[in-house]
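The primary structure of each chain is shown beneath.
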Amino acid sequence: MMDSGMLLDSRYDVVRNRTYLALDVPSASEALALVERFGAGVTGYKVGLELYNAAGRSVVETLAKLGKRIFLDIKLHDIPNTVAGALRALKDLPVEMVNVHTLGGLEMLCAAKSAWEDVEQPPLLIGVTVLTSLSEEDVSLLGVHGGLTAWSRRLLSLADEAGLDGVVLSASELPLVAETIKRPFVRVVPGVRPLQADTYDQQRIATPLQAIEKGADHLVLGRGVLSQSNPLVALQRVWDEMRVGLGEGV
Ligand code: C5P
């Protein structure tokens with residue numbers, strides 16, 4: 001049985017800061033049990049809709065008190081006034097990143113960006129582009145013509161135009177960021193699966209190595225780590241792969 005101390009090794013410092021483990025569980029107690037199991041070596045966690053709807057602000061505050069970096073993955077998607085109000089209501093929450101759907105349109109994205117104008121050090125505002133669970137066929141069924149890549153490029157441009165700090169996107173669309181955006185822009189990649197792991201409902205997946213080699217800044221790791229028989233060993237393997245992608249060897 002591997003002990004979490006291994007994850008504290010300083011050779012993992014670079015990848016530790018580029019990782020968010022997805023706390024996709026239905027209660028604060030389950031989330032905090034996972035956090036305890038991974039120990040001090042894991043510093044970044046993603047709180048998504050399941051945990052936030054079940055446990056709200058208090059679990060975020062508890063994680064912050066434990067010194068964790070938090071990506072609040074609540075994918076806001078509503079009219080501009082409502083999204084801006086929702087973000088203002090979150091402004092004192094100690095999170096590193098919050099996201100909105102770029103599909104909400106340019107006006108909504110601009111309203112989101114201006115919601116934190118009076119906050120000295122606001123969280124990064126990240127736009128979700130095309131969900132990694134959608135295939136080319138799903139996109140066509142949605143009535144989007146011209147294909148998934150062109151649609152992703154369009155949504156990236158909107159995020160850029162609205163002044164967002166970055167995007168959540170599939171690893172396969174990472175090259176589009178360099179083509180489309182000419183300023184520092186944070187690239188967060190979910191849908192990451194080590195070789196042999198189950199894909200579940202994700203369609204546009206990549207291995208940790210592929211995602212890092214293509215330029216991901218942060219990886220969101222969910223079932224590819226947490227549903228493995230030994231999640232600590234699975235995370236260590238992912239981190240070893242990420243280090244290879246960063247040219248650090250193992
Ligand atoms: O378990 P799995 O690795 O598929 O989890 C991916 C996590 O990333 C989930 O919490 C999901 O909500 C989130 N996510 C995603 N696709 C996006 C944005 C976030 O899968 N575009």
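For the structure given in this document, a descriptive report is provided here.

Scoring rules and cut-offs
Residues numbered from 1 in each chain as written. Predicted model: local features only at pLDDT ≥ 70, side-chain atom pairs only at ≥ 80, totals over all residues. Heavy atoms only, no water. Salt bridge = Lys/Arg side-chain N within 4 Å of Asp/Glu carboxyl O. Helix = DSSP H or I, 4+ residues; strand = E, 2+ residues; numbered from the N terminus. Buried < 20%, exposed > 50% of the residue type's maximum accessible area, 1.4 Å probe, protein only. Axes fitted to C-alpha atoms, helices over the stretch in contact; angles between N-to-C directions. Parallel < 35°, antiparallel > 145°, perpendicular 65-115°, else oblique. Left-handed = near helix turned anticlockwise from the far one by under 90°. Contact = heavy atoms within 4.5 Å. Nonpolar A, V, L, I, M, F, W, Y, C, P; charged D, E, K, R; others polar. Near = heavy atom within 4 Å. Polar contact = N/O pair within 3.5 Å; in protein donor to acceptor, adjacent residues only side chain to side chain. Areas by Shrake-Rupley, 256 points an atom, 1.4 Å probe, with all protein chains shown as cover. 1 Å grid on protein atoms, 1.4 Å probe; cavity = no way out; pocket = protein on both sides within 12 Å on 5 of 7 lines; lining within 4 Å. Points joined across faces, edges and corners; volume = space filled by probe spheres on them. Pairing = 2+ DSSP bridges.

**Section: the pattern of salt bridges**
And then number 1: Under the defined criterion, the tally for this structure stands at 14 salt bridges.
And then number 2: The salt bridge partner of Asp 92 is Arg 57, with a shortest N-O separation of 2.7 Å. Of this pair, Asp 92 sits in the loop between helix H4 (80-88) and strand S4 (97-101) while Arg 57 sits in helix H3 (residues 49-65), and the two are 35 residues apart along the sequence.
And then number 3: Overall, Arg 57 belongs to the partly exposed group, its relative accessible area being 29%.
And then number 4: A cluster of three or more residues bridged by salt bridges with shared partners is formed by Lys 46, Asp 73 and Lys 75.

**Concerning the packing of H4 against helix H5 (residues 106-114)**
When two helices pack together, their arrangement is given by the angle between the helix axes and the distance between those axes.
And then number 1: Direction vectors running N to C along H4 and H5 enclose 25°, while the axes themselves pass 8 Å from each other. The angle between the axes of H4 and H5 places the two elements in the roughly parallel class. Regarding H4 and H5, the two cross each other, and that crossing is right-handed. Contact with H4, carried on its side by Pro 80, Val 83, Ala 84 and Leu 87, involves Glu 107, Met 108, Ala 111 and Ala 112 of H5 and no other residues of that element.
And then number 2: By residue class, the composition of the contact of H4 with H5 is seven nonpolar, no polar and one charged.

**A few points about the site of the ligand**
And then number 1: Within the structure, the ligand sits among 14 residues, and Asp 24, Lys 46, Arg 193, Gln 202 and Arg 223 are positioned closest to it.
And then number 2: A distance of 2.7 Å separates an oxygen atom of the ligand from a polar side-chain atom of Arg 193.
And then number 3: Within the backbone of Arg 223, an N or O atom sits 2.7 Å from an oxygen atom of the ligand.
And then number 4: Protein contact buries 89% of the 460 Å² of open area that the ligand shows by itself.
And then number 5: Across the shell around the ligand, the residue classes break down as five nonpolar, three polar and six charged.

**Regarding the layout of surface pockets**
And then number 1: Of the volumes computed, that of the largest pocket is approximately 530 Å³.
And then number 2: Considering the residues around the largest pocket, the lining is formed by 27 residues, among which Lys 46, Asp 73, Lys 75, Pro 190 and Gln 202 are closest to the centre.
And then number 3: Elements supplying a minimum of two residues to the lining of the largest pocket: strand S2 (44-48), H3 and strand S3 (69-76).
And then number 4: It is S3 that provides the largest number of residues to the lining of the largest pocket, a total of three residues.
And then number 5: In terms of residue class, the lining of the largest pocket is built from 11 nonpolar, eight polar and eight charged.
And then number 6: Empty space within the second largest pocket amounts to approximately 210 Å³.
And then number 7: Along its surface, the second largest pocket is lined by 13 residues, and Pro 194, Leu 195, Gln 228, Ala 234 and Arg 237 are the ones closest to its centre.
And then number 8: Element by element, the count of residues in the lining of the second largest pocket is highest for helix H11 (residues 231-245), at five residues.
And then number 9: Of the residues that constitute the lining of the second largest pocket, the class distribution is six nonpolar, five polar and two charged.

**Some points on the sheet that holds S2**
And then number 1: With parallel pairing, eight strands are arranged side by side around a closed barrel as S1-S2-S3-S4-S5-S6-S7-S8. The sheet shows a mean angle of 25° between the axes of neighbouring strands, direction not considered.
And then number 2: Two strands pair when backbone bridges link them, and strand S1 (residues 19-22) and S2 are joined in this way by two bridges, in the parallel orientation. Of the residues in S2, the one forming a bridge with Ala 22 is Lys 46.

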